[in-house]
Amino acid sequence: MFRVSEHVRKTDSEDGGIILDIRQGLMFGLNVVGSRIVELLEQRHTPEQIAREIASTFGVAIEVAERDVREFLETLEKHRLIEQNATGVAL
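Student: Requested: an account of unusual backbone geometry, with residues and values cited.
Tutor: Within the chain, Arg44 stands out as a residue other than glycine whose phi angle is a positive 70°. A positive phi angle, near 60°, is found at Arg80, a position not held by glycine. Examined against the element boundaries, Arg80 turns out to sit in the loop between helix H3 (62-78) and strand E5 (82-84). For Arg80, a relative accessible area of 53% puts it in the exposed group.

Student: How would you sum up the environment of Val60? Please name residues and give values.
Tutor: With respect to the element layout, Val60 can be found in the loop between helix H2 (47-58) and H3. Residues within four places of Val60 in sequence aside, it is in contact with Ile54, Ala55 and Ala65.

Student: An account of the packing of helix H1 (residues 32-42) against H3 is needed here, citing residue identities and associated values.
Tutor: Viewed as axis vectors pointing N to C, H1 and H3 meet at an angle of 75°, and their least axial separation amounts to 11 Å. Compared by their axis directions, H1 and H3 come out roughly perpendicular. Between H1, through Gly34, Ile37, Val38 and Leu41, and H3, the contact on the second element is made entirely by Val69, Phe72, Leu73 and Leu76. Among the residues forming the contact of H1 with H3, the class breakdown is seven nonpolar, one polar and no charged.

Student: An account of the side chain of Ser5 is requested, with residue identities and associated values reported.
Tutor: Summarising the element assignment, Ser5 is placed in the loop between strand E1 (2-4) and strand E2 (8-13). Within polar-contact distance, the side chain of Ser5 engages the backbone oxygen of Arg80 at 3.2 Å. When sequence neighbours within four positions are dropped, the list of residues in contact with Ser5 reads Arg80, Leu81, Ile82 and Glu83.

Cut-offs applied
- Residues numbered from 1 in each chain as written.
- Predicted model: local features only at pLDDT ≥ 70, side-chain atom pairs only at ≥ 80, totals over all residues.
- Heavy atoms only, no water.
- Helix = DSSP H or I, 4+ residues; strand = E, 2+ residues; numbered from the N terminus.
- Buried < 20%, exposed > 50% of the residue type's maximum accessible area, 1.4 Å probe, protein only.
- Contact = heavy atoms within 4.5 Å.
- Axes fitted to C-alpha atoms, helices over the stretch in contact; angles between N-to-C directions.
- Parallel < 35°, antiparallel > 145°, perpendicular 65-115°, else oblique.
- Nonpolar A, V, L, I, M, F, W, Y, C, P; charged D, E, K, R; others polar.
- Polar contact = N/O pair within 3.5 Å; in protein donor to acceptor, adjacent residues only side chain to side chain.

In C-alpha cells, the structure reads:
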C-alpha cells in the first residue's frame, strides 16, 4: 500500500493538478488521470483498485490501466512523492 508523502501538497483543477514537494522545492504538473490516481492514493486505495477505477472511468482496458498505474506510481516513488506504508505491498 502506498501513501502520499507528508512533504507533498496537491491542488486540483478541471485540467488536472499540481503536486508541490515542499522539501525539495519541486513542482510537478498532472493531467486529469494522474490527478485522479493521486486522489485515490490519498483515499488509501490499492494500486489494483486504482487501476480498476481508471479503466472504468476513462474507458481503457484493465491491462492498460494496470500498466499505466504501475508506471505512474513508480515515477512518483522515484521522485519521493509517495512512499510505501510499513506493511507495503509491491506494485
